[in-house]
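Geometric and topological summary
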Amino acid sequence: MLEENNTASAMATLIIITGMSGAGKSLAVRSLEDLGFFCVDNLPPVLIPKFAELIEQSKGKIAKVALVIDLRGREFFTALSESLNYIKDHFTIHCEILFLEATDSVLVQRYKETRRRHPLAPEGMPLDGIRLERKMLEELKSSATVVLDTSSMKPGQLKDKIISRFSHLESNTLSVNVTSFGFKYGIPIDADLIFDVRFLPNPHYVDSLRPHTGQDSDVYDYVMKWPETQAFLTKLLDMLHFLIPQYRKEGKSQVIIGIGCTGGKHRSVAIAEYLGKMLGASETETVSVSHRDSERDRH
């Protein structure tokens, strides 16, 4: 991927969609179509350079393209890295690899619900196919520019993630996503920065606040009223105001900031909401806020 991000908006953009079967590639394609991408499903990797030629010859008429590459074309799969290197050396096209991931248990459940067979498990034992596919895709995953774990995402949440991640390509702004989460549900694997706010006083132990989230004014005010909260936010904002321009300078197009507390319901939500307001005041980046786990214990 070219490092000069400030020229990315003038280039054609090519996104390779790949990852685990059942992790959401079909939804990713539809989401990118909504952003105006021309999408092609299951294109053999050996044809990617030819497709790149067509993009350049279109003189801007085909500016945003997404290609789905998966194990249905596994006989061509080893040619993918070779094709991408060729594009990097011969074309002025901004390339990204979107890799969709999910846990084994979630993928097995999805296959059971849809009654589909895994492409690498024709005998109907999806777990064996999933494990083999994960091993085959390990190297590709390490070279991906974007990795999204869809295990706990609803379709609408995945669509929002993809739109948030790739809508910036039409401008020179940096996309910043602040997401709250609960440590007991695992750390978000796509986060660039993780901050632990479990040291702050916990609204969970206040009976009147326990049922609510950090988006409710009473909980938000409770989290914000403590001197240690204000001291932490002062230091955190100072660091983020330093880091974000550095990421932009290095060609990064998105920064995901994870804010975690125990359950992802009170403290992390309030802090994420605050950061979204403060960082959103800048004209040099677009800021979105999401809450991964805030509704898990709502009832």
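Our structure's up above, just so we're on the same page.
Quantities reported herein were computed from a predicted structural model and do not represent experimental measurements. (Residues numbered from 1 in each chain as written. Predicted model: local features only at pLDDT ≥ 70, side-chain atom pairs only at ≥ 80, totals over all residues. Heavy atoms only, no water.)

**Details of the pairing of strand 6 (residues 174-182)**
- With respect to burial, strand 6 is a largely interior element, nine of its nine residues being buried.
- The two faces of strand 6 match: L174, V176, V178, S180 and G182 on one face and S175, N177, T179 and F181 on the other face are all buried.
- The pairing of strand 6 with strand 8 (residues 254-261) spans eight bridges and is classified as parallel. If you follow G182 over to strand 8, its bridge partner there is C261. (Buried < 20%, exposed > 50% of the residue type's maximum accessible area, 1.4 Å probe, protein only. Helix = DSSP H or I, 4+ residues; strand = E, 2+ residues; numbered from the N terminus. Pairing = 2+ DSSP bridges.)

**Brief notes about the packing of aromatic side chains**
- Applying the stated criterion across every chain, the model contains five aromatic pairs.
- Relative to F232, the ring of F199 lies with its centre 5.3 Å away and its plane at 75 degrees, an arrangement referred to as edge-to-face. Separated by 33 residues along the polypeptide, F199 in the loop between strand 7 (193-196) and helix 7 (217-224) and F232 in helix 8 (residues 227-249) bring together distant segments of the chain.
- The positively charged end of R165 is found above the aromatic ring belonging to F166, 5.0 Å away from the centroid. (Phe/Tyr/Trp six-rings, centres within 6.5 Å; stacked < 30°, edge-to-face > 60°. Lys NZ or Arg CZ within 6 Å of the ring centre and 35° of its normal.)

**Things to note about the packing of helix 7 against helix 9 (residues 267-279)**
- Axis separation between helix 7 and helix 9 bottoms out at 9 Å; the angle between their running directions is 85 degrees. The orientation of helix 7 with respect to helix 9, classified from their angle, is roughly perpendicular. Taken together, the residues of helix 9 that come into contact with helix 7 (itself represented by Y220, V223 and M224) are R267, A270, I271, E273, Y274 and K277.
- Along the lines of polarity and charge, the residues of the contact of helix 7 with helix 9 split into six nonpolar, no polar and three charged. (Axes fitted to C-alpha atoms, helices over the stretch in contact; angles between N-to-C directions. Parallel < 35°, antiparallel > 145°, perpendicular 65-115°, else oblique. Contact = heavy atoms within 4.5 Å. Nonpolar A, V, L, I, M, F, W, Y, C, P; charged D, E, K, R; others polar.)

**Brief notes about helix 6 (residues 155-166)**
- With twelve residues, helix 6 should reach 16 Å at 1.5 Å per residue; the first-to-last C-alpha distance of 17 Å fits that figure.
- The complete set of buried residues in helix 6 reads L158, K161, I162, S164, R165 and F166. (Expected span 1.5 Å × (residues − 1).)

**Quick notes on the pattern of salt bridges**
- By the definition in use, this model includes ten salt bridges.
- Note that K161 is salt-bridged to D190, the shortest N-O span being 3.4 Å. One end of the pair, K161, is in helix 6; the other, D190, is in the loop between strand 6 and strand 7, with 29 residues separating them in the sequence. There is no split in this pair, since K161 and D190 are both buried.
- Note that R296 and D293 form a salt bridge whose closest N and O atoms lie 2.7 Å from each other.
- You can call D293 buried: its relative accessible area is 1%.
- In the salt-bridge network here, residues are joined through shared partners; they are E101, D104, R134 and K141. (Salt bridge = Lys/Arg side-chain N within 4 Å of Asp/Glu carboxyl O.)

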